[in-house]
Amino acid sequence: MPVTSGRNVDVLVIGGGQAGLAAGFYLNRLRRDEASGRSGPAPTFAILDANAEPGGAWQHYWNSLELFSPAAYSSLPGYRMPAWKGEGNPSADHVANYLRTYESRYDLPVHRPVRVQAVRAADGGGYVTDTDRGQWTSRVVINATGSWNTPQFPRPPGSDRFAGQQLHTAGYRGPEPYAGRNVVVVGGGNSGAQIAADLAPTAAVTWVTRNPPRYLPDDVDGRALFDIATRRVRALAAGEPEGGGVASLGDIVAVPSVRAARDAGLLDARPMFSRLTPGGVQEEDGKQLDADVIIWCTGFRPDLQHLQPLGLTTRNGVPATDALPATRSVDSPGLFFLGYGDWCGPASATLIGVGAAARDTVAAVAGSVSL
Ligand code: FAD
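Small disclaimer: the values here were computed from a predicted structure and weren't measured.

**Describing the overall build of the chain**
Helix and strand counts for the chain stand at six helices and 18 strands. The C-alpha radius of gyration of the chain comes to 22 Å, within 12% of the 21 Å expected for a compact globule of 371 residues. Each principal axis of the C-alpha distribution contributes one length, and for the chain these read about 70 × 40 × 40 Å. When burial is assessed residue by residue, the chain has 50% of its 371 residues classed as buried.

**Thoughts on the packing of aromatic side chains**
Considering all chains together, one arrives at 15 aromatic pairs under this definition. Here the aromatic rings of F25 and Y102 are separated by 6.4 Å at their centres, their planes lie at 40°, and the arrangement is tilted. Residue F25 is located in helix α1 (residues 18–35), and its partner Y102 is located in helix α2 (residues 92–105); the two are separated by 77 residues in the primary sequence. Each member of the pair, F25 as well as Y102, carries the same accessibility label: buried. A ring pair is formed by Y340 and W343, whose centres lie 5.6 Å apart and whose planes are at 20°; its orientation type is stacked. The structure contains a cluster of three or more aromatic residues connected by ring pairs, namely F25, Y26, Y79, Y98, Y102 and Y106.

**Some thoughts on the side chain of S74**
Take S74: it is sitting in the loop between β2 (45–48) and α2. Of the residues examined, S74 reaches a relative accessible area of 3% and is grouped as buried. Within the structure, the side chain of S74 is placed 2.9 Å from the backbone oxygen of P70, a separation counted as a polar contact. Excluding residues that lie within four positions of it along the chain, S74 makes contacts with L67, S69, M81, Y98 and L351.

**Digging into α1**
Relative to the 26 Å expected for 18 residues at 1.5 Å per residue, α1 spans 26 Å between its end C-alpha atoms, a close match to the ideal helical length. The buried fraction of α1 is high, at 13 of 18 residues. Just past α1, the residue G37 takes up positive phi, approximately 80°.

**With respect to the site of the ligand**
Lining the immediate environment of the ligand, one finds 31 residues, of which D49, N51, V116, A349 and L351 sit closest. At a separation of 2.9 Å, an oxygen atom of the ligand approaches a polar backbone atom of A57. Here an oxygen atom of the ligand sits 2.8 Å away from a polar atom, N or O, in the main chain of L351. Look at the ligand: alone it shows 980 Å² of surface, and the protein chains cover 90% of it. Of the residues belonging to the shell around the ligand, the class tally is 16 nonpolar, 12 polar and three charged.

**Thoughts on the nonpolar core**
Judged by nonpolar contacts, the single largest core of 64 residues is most densely connected at W58, Y102, I142, L199, I295 and L338. When residues of this core are sorted by domain, at least three fall in each of domain 1 (8–150 + 300–368) and domain 2 (165–215 + 251–296). Grouped together as the second largest cluster of nonpolar side chains are 19 residues, V9, L48, L307 and L335 included.

**Notes on the domain arrangement of the chain**
Each assigned domain of the chain is listed here: domain 1 (8–150 + 300–368) and domain 2 (165–215 + 251–296). A C-alpha centroid distance of 32 Å is found between domain 1 and domain 2. Contacts between domain 1 and domain 2 engage 11 residues on the former and 14 residues on the latter. Here domain 1 meets domain 2 over a buried area of about 1,100 Å², counting both sides, of which 58% is carbon and sulfur. Taken as a group, W62, E66 and F68 account for 56% of the area that domain 1 buries against domain 2, more than any other trio of residues on that side. Joining domain 1 to domain 2, the criterion identifies zero salt bridges. Applying the counting rule to domain 1 against domain 2 returns five residue pairs in polar contact (both at pLDDT 80 or more). For the side of domain 1 that touches domain 2, a count of residues per class yields six nonpolar, four polar and one charged.

**Thoughts on the sheet that holds strand β7 (residues 165–168)**
Taken in spatial order, the five strands make up an open sheet running β7-β14-β8-β9-β10, and their pairing is parallel. Looking at the sheet topology across the chains shown, the edges are occupied by β7 and β10 (269–271). Direction aside, neighbouring strands of the sheet carry axes that sit 25° apart on average.

Parameters at a glance
- Residues numbered from 1 in each chain as written.
- Predicted model: local features only at pLDDT ≥ 70, side-chain atom pairs only at ≥ 80, totals over all residues.
- Heavy atoms only, no water.
- Helix = DSSP H or I, 4+ residues; strand = E, 2+ residues; numbered from the N terminus.
- Rg over C-alpha atoms; globule rule 2.2 N^0.38 Å.
- Buried < 20%, exposed > 50% of the residue type's maximum accessible area, 1.4 Å probe, protein only.
- Phe/Tyr/Trp six-rings, centres within 6.5 Å; stacked < 30°, edge-to-face > 60°.
- Polar contact = N/O pair within 3.5 Å; in protein donor to acceptor, adjacent residues only side chain to side chain.
- Contact = heavy atoms within 4.5 Å.
- Expected span 1.5 Å × (residues − 1).
- Near = heavy atom within 4 Å.
- Areas by Shrake-Rupley, 256 points an atom, 1.4 Å probe, with all protein chains shown as cover.
- Nonpolar A, V, L, I, M, F, W, Y, C, P; charged D, E, K, R; others polar.
- Core = buried A, V, L, I, M, F, W, Y, C linked by side-chain atoms within 4.5 Å.
- Domains from an automatic or database assignment.
- Buried area = accessible area lost by both parts, 1.4 Å probe.
- Salt bridge = Lys/Arg side-chain N within 4 Å of Asp/Glu carboxyl O.
- Pairing = 2+ DSSP bridges.
- Axes fitted to C-alpha atoms, helices over the stretch in contact; angles between N-to-C directions.

What follows is the structure, encoded as structure tokens:
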């Protein structure tokens, strides 16, 4: 089924991870409705993805990463994630394979590897998108580039003098290279807890968190997180009091590997150090800790450099958008954001949450931009 017409489409989706594929699912559905006579003309579309392989960021995660939900609660619209036969929750590879199957099952028009370099406003409306493989034009852009390519990498005092190795979550693949070494893991979120737990059996791990670690109750997983996030966003939209969302419960999902390490006493966090030294880190009270390696599990920022030519205004550090359910740029009405975080819909950075955000985004695209 040819979905694109050359390099000019109605809707260009940038990013072929779970968010871009979920958008593709609903754009495809518009075409199905058109073919069956249930609706008028459906937009043509294409999905551009910088990765050489399907799977979005999941293909780059570390081997032992464990989802915080069972397979049945980690699915995109239309097709349930196959059951996971291993222990605990599914691995990152299982998700990457699922996404590969998903895009071929729905015959989604993903072009890869294609890296978008710049999106500009076209004369007369719409967008011109420059890529490393030529130019595209479209009336709408759905931006779904995730945040894996833009890690937040702090530079505390002394960083330049530290003689060991520093890496970010994004560079961590597994515990093997660090066996027998002194490793400082920084960060009190899920990545920090999971990586510290992963390393603890084979390395001398010091886990450092800005505030004491806050585990979610052991029975809270991705299902509950989605429900809580949804209630919070709905309450905010209705101007009603809300309970603070997931953050009010804790920061760390106690997946089985984290729970086991925590219960074995392997996850005792120390407070954040004040500086790096040539041989390690120095705490507030002057105490020195040796470190061969520092792993910064300090989060990511939305990957939006290619939108710079549009000169978007920002609000709370992200592009200013219309109210939910669909996040449309206030500066550039044909530009939508999908994935990233709650500002794009409840739990829209998760597998279980992005489907509803994609449905609302595609409905807004179809309903409000005259295609
Ligand atoms: P991505 O998966 O990052 O996909 C974006 C795609 O856009 C990539 O393929 C990228 O190559 C492409 N791209 C980026 N820039 C460009 C460009 N300029 N041009 C073209 N293409 C571009 N969620 C859960 O539901 N359950 C979990 O257990 C869970 N665990 C997580 C653990 C970790 C360590 C992390 C970091 C996240 C976790 N998440 C989890 C959150 C979430 O599901 C993932 O972050 C997910 O990958 C986000 O999907 P996405 O499609 O928005 O972005």
